[in-house]
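Given next are the chains, with one letter for each unit.
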Amino acid sequence: MKKETIEKILTTDLRGWLSSLNNEELQLLQEIRLRTNKPLIIRIDNKEYFLHDNNLWKDDEDVYIVTEKDIKDTIEFISNYSLYAFEDELRNGYITVDGGHRVGLAGKVIVENNKVKTMKNITCINIRISHEIKGCSNRVIPYILQDNRILHTLIISPPRCGKTTLLRDIVRQLSNGFKSNKGITVGVVDERSEIGGCYRGIPQNDIGIRTDILDGCPKTEGMLMLIRSMSPQVIAVDEIGSSNDIEAIDFVINAGCKMICTVHGSSLVEVKNKPILEKLIGKNIFERFIVLESKNGIGDIKKIYDKQFKLMSIVIENQ
Amino acid sequence: MIIKILGATLILMSSSLIGFYYSKSYIRRSEDLRTFKKALILLRGEINYSLSPMPEALEDISKRFDHEISDFFRSIAEELKLNLGKSLTEVWKKKAEEILKRTYLNPIDIKNIMIFSENIGYLDKEMQTNNINLLLEQINEEIKTSIENDNKYNKLYRSLGVLGGILVIVLFI
């Protein structure tokens, strides 16, 4: 399934190597990067590979060079032959394709009235393979779910430490029910189509059976919309940060919903000192803080703090 | 003698039929052009208002009418869905050559339609609309000349058919 969705957006010249991957390698496939007149780079399990005669190659000598036509065709496949249908997405610089993969694009940006109008001459494509790690929240959930009561939680993590993956798995487990706890209704506002990886509104990742998802919706409005329309018990959002977000979170909490959200940052102290988040944390709303760190693998260390910022536990995943 | 008369009538009939057939060709071409124009207007709507991706838009349009042109649209959509790694322009051109030859469109029309495909699906909505409008303009002009030609040559072909038949008969007798 995953293989087909990736194959679909690559040109025929670039498809061959995919079939030589075994299932495990396919699971660890992270990125495929195309840049005009530069070698094709494939990232598997944090290691870089090049392409040589349809085989993965470690040195960068005599390897496959991406042509202008490769890029043009790939864009056609990514956009389903209809780039015009993705004007808004182009402005943000990425398109989500079938299978939930995120395709980042870079090229010449056209600006009108100080706003990005569109992008032309796309020369760099980064296909980020969506991967869900089911069960990565197993050891964290007991800290945020106590006696059928969910605690307001903030996940703090630097980029590429797996915060979205963790959030997705938490949503899935809360929604399906975790061990003896019953499943509950979860509302997800997925502004950047990362949590659900929606394609035409249908989540491609498993986010549970009691989850309602608003795809591509701005967080602030989305949270209010969900409360009015879907009466969720928990609302999950990714990457909060603006002062509007904080107001919306206030509203959600006053409406009696539980909040689970993520934020960029490397430590609790750093996040506490961010001007906007300071306000939110100062109110003592969040009852659990989970700080992610990477040592041997992505997000393998999770530090959990309680309401008083006291370290409760350090979870180290054995990989 | 009877055989001679029979032969003469056969020649006269077939030559006039050929004449009639050719006299109709302009009208048939303008009808096909109109159908194509209708399809293009639908495509413009699909792009502008519902932002449907090209394969879906083409398939939806092909369901709205019954004609070789709807076969043309459908077969493009079907081939695109196979994900063979071909570009829209390639598929469009191939199908135009295969299927539009069966219609009354002439080689110039087919060439225009093929050139049109080089800019389709690419860039933004505005660009798509402009591209479609350009082809519509060309088609309108072709319809106009086709009707003018019909007025000019319609009678000519018919009389040419009948008279040609008579000429052959006279020569043989």
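From a predicted model like this one, the values you see are computed outputs, not experimental measurements. (Residues numbered from 1 in each chain as written. Chains lettered and ligands numbered in written order. Predicted model: local features only at pLDDT ≥ 70, side-chain atom pairs only at ≥ 80, totals over all residues. Heavy atoms only, no water.)

Caption draft 1: Geometry of the side chain of Arg102(A). Residue and element names in this part refer to chain A. Residue position: arginine 102 is located in strand β6 (residues 102-112). Arginine 102 sits in the buried class, given a relative accessible area of 12%. In this structure the side chain of arginine 102 is engaged in a polar contact, spanning 3.2 Å, whose partner is the backbone oxygen of arginine 192. In terms of polar contacts, arginine 102 uses its side chain to reach the side chain of glutamate 194, at 3.3 Å. (Helix = DSSP H or I, 4+ residues; strand = E, 2+ residues; numbered from the N terminus. Buried < 20%, exposed > 50% of the residue type's maximum accessible area, 1.4 Å probe, protein only. Polar contact = N/O pair within 3.5 Å; in protein donor to acceptor, adjacent residues only side chain to side chain.)

Caption draft 2: Molecular detail of the interface of chain A and chain B. Of the residues lining the interface, 15 residues belong to chain A; the matching set on chain B comes to 21 residues. For the pair chain A and chain B, the summed buried area comes to about 1,700 Å², and 54% of that belongs to carbon and sulfur atoms. At the boundary of chain A and chain B, one finds 0 salt bridges. Inspection of the chain A/chain B interface yields 5 residue pairs in polar contact (both at pLDDT 80 or more). Per element, the largest residue contribution to the side of chain A that touches chain B is 4 residues, and it comes from helix α3 (residues 68-78) of chain A. For the side of chain A that touches chain B, the class distribution of residues is 5 nonpolar, 3 polar and 7 charged. (Contact = heavy atoms within 4.5 Å. Buried area = accessible area lost by both parts, 1.4 Å probe. Salt bridge = Lys/Arg side-chain N within 4 Å of Asp/Glu carboxyl O. Nonpolar A, V, L, I, M, F, W, Y, C, P; charged D, E, K, R; others polar.)

Caption draft 3: Region of interest: empty space enclosed by the protein. All names here are of chain A. By the definition in use, this model includes 3 cavities of 30 Å³ or more. Of the pockets and cavities examined, the largest cavity occupies roughly 60 Å³. Contributing to the lining of the largest cavity are Val189, Asp190, Glu191, Arg192, Glu194, Lys219, Asp238 and Glu239. (1 Å grid on protein atoms, 1.4 Å probe; cavity = no way out; pocket = protein on both sides within 12 Å on 5 of 7 lines; lining within 4 Å. Points joined across faces, edges and corners; volume = space filled by probe spheres on them.)

Caption draft 4: Focus on the packing of helix α7 (residues 219-230) of chain A against helix α8 (residues 243-254) of chain A. Residue and element names in this part refer to chain A. Relative to each other, α7 and α8 sit at 15 degrees, their axes nearing to 8 Å. The pairing of α7 with α8 is recorded here as roughly parallel in orientation. Viewed along their axes, α7 and α8 form a crossing whose handedness is left-handed. Where α7 abuts α8, its residues Lys219, Thr220, Met223, Leu224 and Ile227 lie against Asn244, Asp245, Ala248, Ile249, Phe251 and Val252. Counted by class, the contact of α7 with α8 contains 7 nonpolar, 2 polar and 2 charged residues. (Axes fitted to C-alpha atoms, helices over the stretch in contact; angles between N-to-C directions. Parallel < 35°, antiparallel > 145°, perpendicular 65-115°, else oblique. Left-handed = near helix turned anticlockwise from the far one by under 90°.)

Caption draft 5: Representation of the sheet that holds strand β16 (residues 301-306) of chain A. All names here are of chain A. Sheet architecture is open: 8 strands sit in the order β12-β11-β13-β14-β10-β15-β16-β17, paired in mixed fashion. Each end of this open sheet is capped by a strand with a single partner; those strands are β12 (211-215) and β17 (311-316). Neighbour-to-neighbour, the strand axes of this sheet turn through a mean angle of 15 degrees, independent of strand direction. Of the strand pairs in this sheet, strand β10 (residues 153-157) and strand β14 (residues 258-264) are connected by 5 bridges, and their pairing is parallel. Looking at β14, one finds that isoleucine 156 is bridged to valine 263. Its contacts with the sheet place α7 against β11 (186-190), β12, β13 (234-237) and β14, and it is angled at close to 155 degrees to β11. (Pairing = 2+ DSSP bridges.)

Caption draft 6: Layout of the UniProt feature "transmembrane region" (unreviewed entry) in chain B. Residues and elements named next belong to chain B. UniProt records the feature "transmembrane region" (unreviewed entry) for residues 6-23 and 156-172 in the present numbering. Between the C-alpha atoms that bound residues 6-23 there is a distance of 26 Å. The span itself is 100% helix and 0% strand. Taken end to end, residues 156-172 has its terminal C-alpha atoms 24 Å apart, with 100% of it in helix and 0% in strand. (UniProt positions renumbered as here; feature names shortened; annotations may be inferred.)

Caption draft 7: Layout of the layout of surface pockets. All names here are of chain A. One number sums up the size of the second largest pocket: a volume of about 920 Å³. What lines the second largest pocket is a set of 37 residues, among which Phe86, Glu89, Thr96, Tyr199 and Arg200 lie closest to the centre. The class makeup of the residues in the lining of the second largest pocket is 16 nonpolar, 11 polar and 10 charged.

Caption draft 8: The arrangement of helix α10 (residues 275-282) of chain A in detail. Residues and elements named next belong to chain A. Among the residues of α10, Leu277, Leu280 and Ile281 are the ones counted as buried. End-on, the buried residues of α10 take up no more than an arc of 95 degrees, which puts them together on one face. Residues of α10 that are exposed and point over 90 degrees away from its buried face: Pro275, Lys279 and Gly282. Structurally, α10 contributes buried residues whose contacts are with β10, α8, β14, α9 (268-272) and β15 (288-293). The first or second residue beyond α10 is asparagine 284, which carries a positive phi of 60 degrees. (Arc of directions from axis to C-beta.)

Caption draft 9: Structural context of the sheet that holds strand β4 (residues 55-57) of chain A. All names here are of chain A. In space, the 7 strands of this open sheet follow the order β4-β3-β2-β1-β7-β6-β5, with antiparallel pairing throughout. Only two strands of the sheet have a single partner each, and these edge strands are β4 and β5 (94-96). Neighbour to neighbour, the strand axes of the sheet diverge by 35 degrees on average, direction disregarded. In this structure, strand β1 (residues 29-35) lies alongside strand β2 (residues 41-44), joined through 4 bridges in antiparallel fashion. Counterpart to leucine 29 in the pairing with β2 is isoleucine 44. Strand contacts of α3: β1, β5, β6 and β7 (115-128), with the helix running at about 100 degrees to β7, the strand carrying the most contacts.

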